[in-house]
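Spelled out, the chains give:
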Amino acid sequence: MKYSIKEIAQILDIAPGRLANKKAMVSYLLTDSRSLGDPRETLFFALRTQNNDGHRYVLPLYAQGVRNFVVESEEGLGHLRDANLLVVPNTLEALQNIAMYHRRRFRIPVIGMTGSRGKTTVKEWLYELLKDDYHVMRSPRSYNSQIGVPLSLWDIDESTTLAIIEAGISTTGEMANLQAMIRPTIGVITNIGTEHNEGFSSMRQKAQEKAKILYNCECIVYCADDPLVTQAIQPLLDVEVAQEVAWSQHTPSHELYVSNITRHDEKSQIDYEYNGEHHSIEVSFTGYRDLENVITCLAILLYLQVDPEVIKERMARLTPVGTRINVIEGINNCTVIADGYPSDYNSLTPAIDFMARRSVHQTRTVILSDLTQESFSAEELYIRVSEWLRSKHIDRFFGIGEQMMAFSRYFTGMETRFFASTEDFLEHMSQGDFEDETILVKGSPMFHFDQILDMLEAKQHMTVEEVDLSALAHNFKFFKSLIKPTTKTVGMVKASGYGTGSYEIAKTLQDRGADYLAVAVQDEGVDLRKAGITMPIIVLNPSVVNYKSMFTFRLEPEVYGLEECRELIKEGAKYGAKNHPVHIKIDSGMHRLGFRREQMSELIELLQGQTVIRPASVFTHLCVADVPEEDEYTHEQFRYYSECAELLQEAFDHKILRHVLNTSGIVRFSEYQLDMVRIGIGLYGVKTVFDGREDALQPVATLRSVVIAIRDLPAGATVGYGRRGVLTRDSRIATLTIGYADGFDRHFGNGNISVWLNGYLCPTVGTVCMDAVMIDVTDVPCALGDRVEIFGHNVPVEKLSEARGTIPYEILTSISPRVKRVYYRE
């Protein structure tokens, strides 16, 4: 969409006389400086958040050519005489007011959708089901927040005849604002689940908050079999303000009655009644959640008066919606980003933004197939794509498909090659054509880009560790909800992110607003700096060999002894260090490392007598914070630490941050949160407290292997080395491609643990080999190539640590480097 800057100023009630350039036009709304495209027609909103301030990025954006800004203060910006500085009391409210104004210009059907899960899938399926009848605008990916919704609404233009907008909330008081912006004519609640519970006092409160999206709708769509939903929307039904399309599998009197669901092979037939008529559809899904989403789409199509026979034909074409972006180690020092989201213009922008934020190479490469047709012409579509790629400084572009070939002339300003098909690409390109690049691979399912990914992946070992960056962000948000807004956070990424890989973990925490990172050794910190991590990094095991690297890469060491402190000051002076931040460790009862109370006076004298280093924080480590029986010892540790910390603070004028709490401490001793907390194993979804308070945590790491062989063996046969696996019945035995060289401990053999295969727990059989292990699949439907979960959502990592007689930390950090890590974001 395009507005003049004078129109924007009028919406925000700003006098035109305050504009430096009244002829400026605005086509793009920007809230994240890293997503800058065309600076000439961009309007940047300097949003203030709990962890950041957008005003910090005004000057860098000005240097890149941006001339239109919405700010809360002109402080430090007075010299930007050719820039339009729109000063408002609240930049977020300004963004939302512009979105409200823009939405009110269009009298079209708008579907506003909320729910605990399934929103994105239903949105994308509705697009596929309705694109032949409407020019559909839909939210990009999951742009459903207080910031994402206004950015989504901005994409509505004169060609749009139907809009589909997601609305997501995390606490009370948020939905009314989203509803006011979206003004849905059709309101949809997909379901109410336990996701994001931490912001609500109860499930009922969450349902009531979500139901606010239905206010003033012409139609509301929901599942009448869900008592939480029906109770929440009952006030709306009592006043009969909207038509309802309630679907049910139990009550024939509802508007849409699903009389029967028959599953066969990989398909399901859904029989239903609507307006007194009987119909059926067939879809290529059998899972309950998928079918729930299908029925929600069915209800909306019926309300929009799509012919049942047309619905049947379109439903049969539905395919799964990929919502993951995977980050994979590539060949020849490349990083490969595989975007599984539907391949269309709507999703290209977030994918390229993600690549830009994850890029550790100078060369940026995009491999893209033909895109799904949008409301504008094919020629305009590819002109827009080419312009966007140029604005994001893409260096190399590979287009695959007939349309890419047809419009290749528009892709200028970068190295380009075009191919008619994936097979054509693979015939002419090899691994040697890619080196030291960040490569985005994004293609429609029909192009089978998995073949390209196979060529570009560095490690082809079938055992992989999947790392869910969305779960990591969720867990970080969970712990943030337990502390005060002013309390800072340290994200623990030591031991290569507890075995998951430190860079992607660190990048996610940096993006989410963590204040510090902590690593175990200096080399880990150096690697993060080289990869582009800019936030403060604490080194917890500061046995330094290369002091130059520590000072050069701005790493902040823990200081735990007088001799170490003297050595640090001496070496720092050699390299010209001045007030280099360090973190003072107090031994309050762990008796591992740290200063005791009787050493504090000597430490203070040493620190005051120099200017090379400066105490940035003082901390200690609680050794039994997860053991209720030892709570008195924990309180005693805190008392001892407090005395030492007070002595240190009294000796200096500047504020010295105090931090005591680890993961368990955050949950159990919030009164000791002080200035900062350290979030460790809990970030990765591993519980340390088992009274229900950490039940909202989501596992970040999932270890998977693959079935590579299946044998039928008689009772009495033996399996594996030493013939230790003795079969007591006729059995089917499957071999997995994982062994102790991958970190699958030999103690896990002989039935000591079970793994998850196709919904069943399957015990190990015999001794674990170096590269393989056998499992009993006698009662389990399985085939070669089936994926097996070693630990993850269905087999908690704690089950493995219990079998090994150890702790989850050891299991996670023992996964071998040869196991490929695949990072993804939902």
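Residues numbered from 1 in each chain as written. Predicted model: local features only at pLDDT ≥ 70, side-chain atom pairs only at ≥ 80, totals over all residues. Heavy atoms only, no water.

**Student:** Outline the pattern of salt bridges, supporting the account with residue identities and numerical values.
**Tutor:** A complete count under the given rule lists 48 salt bridges for this structure. A salt bridge links Glu379 to Arg409; the nearest nitrogen and oxygen atoms lie 3.4 Å apart. Residue Glu379 is located in helix α12 (residues 378-391), and its partner Arg409 is located in the loop between α13 (402-406) and β20 (415-419); the two are separated by 30 residues in the primary sequence. A residue is classified by how much of its surface remains accessible, and Glu379, at 34% relative accessible area, is partly exposed. Linked by salt bridges that have partners in common, Lys123, Glu124, Arg138, Glu166 and Asp344 make up one network. (Salt bridge = Lys/Arg side-chain N within 4 Å of Asp/Glu carboxyl O. Helix = DSSP H or I, 4+ residues; strand = E, 2+ residues; numbered from the N terminus. Buried < 20%, exposed > 50% of the residue type's maximum accessible area, 1.4 Å probe, protein only.)

**Student:** Help me get a handle on the packing of aromatic side chains, residues and values and all.
**Tutor:** For the structure on display, the rule yields 21 aromatic pairs. Taking the centre distance of 6.4 Å and the plane angle of 80° together, the rings of Phe44 and Phe69 count as edge-to-face. Of this pair, Phe44 sits in strand β4 (residues 42-45) while Phe69 sits in strand β5 (residues 68-71), placing them 25 residues apart in sequence. Pair check on accessibility: Phe44 and Phe69 agree, each one buried. Between the aromatic rings of Phe669 and Tyr672, the centroid separation amounts to 6.1 Å while the plane-to-plane angle is 5°, which identifies the pairing as stacked. A relative accessible area of 12% means that Tyr672 is categorised as buried. In this arrangement the basic side chain of Arg67 is found over the ring face of Tyr62, its NZ or CZ atom lying 3.7 Å from the centre. The positively charged end of Arg324 is found above the aromatic ring belonging to Tyr824, 3.5 Å away from the centroid. (Phe/Tyr/Trp six-rings, centres within 6.5 Å; stacked < 30°, edge-to-face > 60°. Lys NZ or Arg CZ within 6 Å of the ring centre and 35° of its normal.)

**Student:** Any details on the sheet that holds strand β3 (residues 28-30)? Residues and values, ideally.
**Tutor:** With parallel pairing, 4 strands are arranged side by side in an open sheet as β3-β4-β5-β6. The open sheet has two free edges, formed respectively by β3 and β6 (84-87), since each of these has just one partner strand. Averaged over all pairs of adjacent strands, the angle between their axes in this sheet comes to 20°, without regard to strand direction. Contacting β3, β4 and β5, helix α3 (residues 91-104) runs over the sheet at an angle of about 140° to β4. (Pairing = 2+ DSSP bridges. Axes fitted to C-alpha atoms, helices over the stretch in contact; angles between N-to-C directions. Contact = heavy atoms within 4.5 Å.)

**Student:** Break down the sheet that holds strand β7 (residues 110-114) for me, with residues and values.
**Tutor:** Sheets are built from strands that pair by backbone hydrogen bonding, the pairs being arranged parallel or antiparallel. Taken together, 9 strands build an open sheet; the order of strands is β8-β9-β7-β10-β11-β12-β13-β14-β15 and the sheet is mixed. Either end of the sheet is taken by a strand with one partner, and the two such strands are β8 (136-138) and β15 (277-283). Taking each pair of neighbouring strands and ignoring which way they run, the sheet shows an average axis angle of 20°. For strand β11 (residues 219-223) and strand β12 (residues 243-248), the ladder comprises 5 bridges, and the chain directions are parallel.

**Student:** Give me the pairing of strand β22 (residues 464-468): which residues, what numbers.
**Tutor:** Burial analysis of β22 places 5 of its 5 residues in the buried class, which makes it a mostly covered element. Across the two faces of β22 the burial is the same, with Val464, Glu466 and Asp468 and Glu465 and Val467 all buried. By the bridge criterion, 4 bridges tie β22 to strand β31 (residues 701-713) in an arrangement that is antiparallel. In the strand pairing of β31, Glu465 is matched with Leu703. Pairing of β22 with strand β39 (residues 820-825), which is carried by 5 bridges, proceeds in the parallel orientation. Counterpart to Glu465 in the pairing with β39 is Arg821.

**Student:** Talk me through helix α9 (residues 288-303); I want residue IDs and the actual numbers.
**Tutor:** Between its terminal C-alpha atoms α9 stretches 23 Å, which fits the 22 Å expected from 16 residues at 1.5 Å a residue. Burial within α9 is extensive, with 13 of its 16 residues counted as buried. (Expected span 1.5 Å × (residues − 1).)

**Student:** Describe in detail the packing of helix α22 (residues 600-608) against helix α23 (residues 631-650), supporting the description with residues and values.
**Tutor:** Their axes nearest at 10 Å, the elements α22 and α23 cross at an angle of 25°. Taken together, the axes of α22 and α23 are roughly parallel relative to one another. Handedness of the crossing formed by α22 with α23: right-handed. Only Cys644, Leu647 and Leu648 of α23 make contact with α22, whose side of the interface consists of Met600, Ile604 and Leu607. A breakdown of the residues in the contact of α22 with α23 according to their chemical character gives 6 nonpolar, no polar and no charged. (Parallel < 35°, antiparallel > 145°, perpendicular 65-115°, else oblique. Left-handed = near helix turned anticlockwise from the far one by under 90°. Nonpolar A, V, L, I, M, F, W, Y, C, P; charged D, E, K, R; others polar.)

**Student:** So what's going on with unusual backbone geometry? Which residues, and what values?
**Tutor:** Look at Tyr498: it is not a glycine, yet its phi comes out positive at around 50°. In this model, Asn579 sits at a positive phi of 50°, which is unusual for a non-glycine residue. Tracing the backbone through its elements, the reader meets Asn579 in the loop between α21 (562-574) and β27 (580-586). Judged by its relative accessible area of 37%, Asn579 falls in the partly exposed class.

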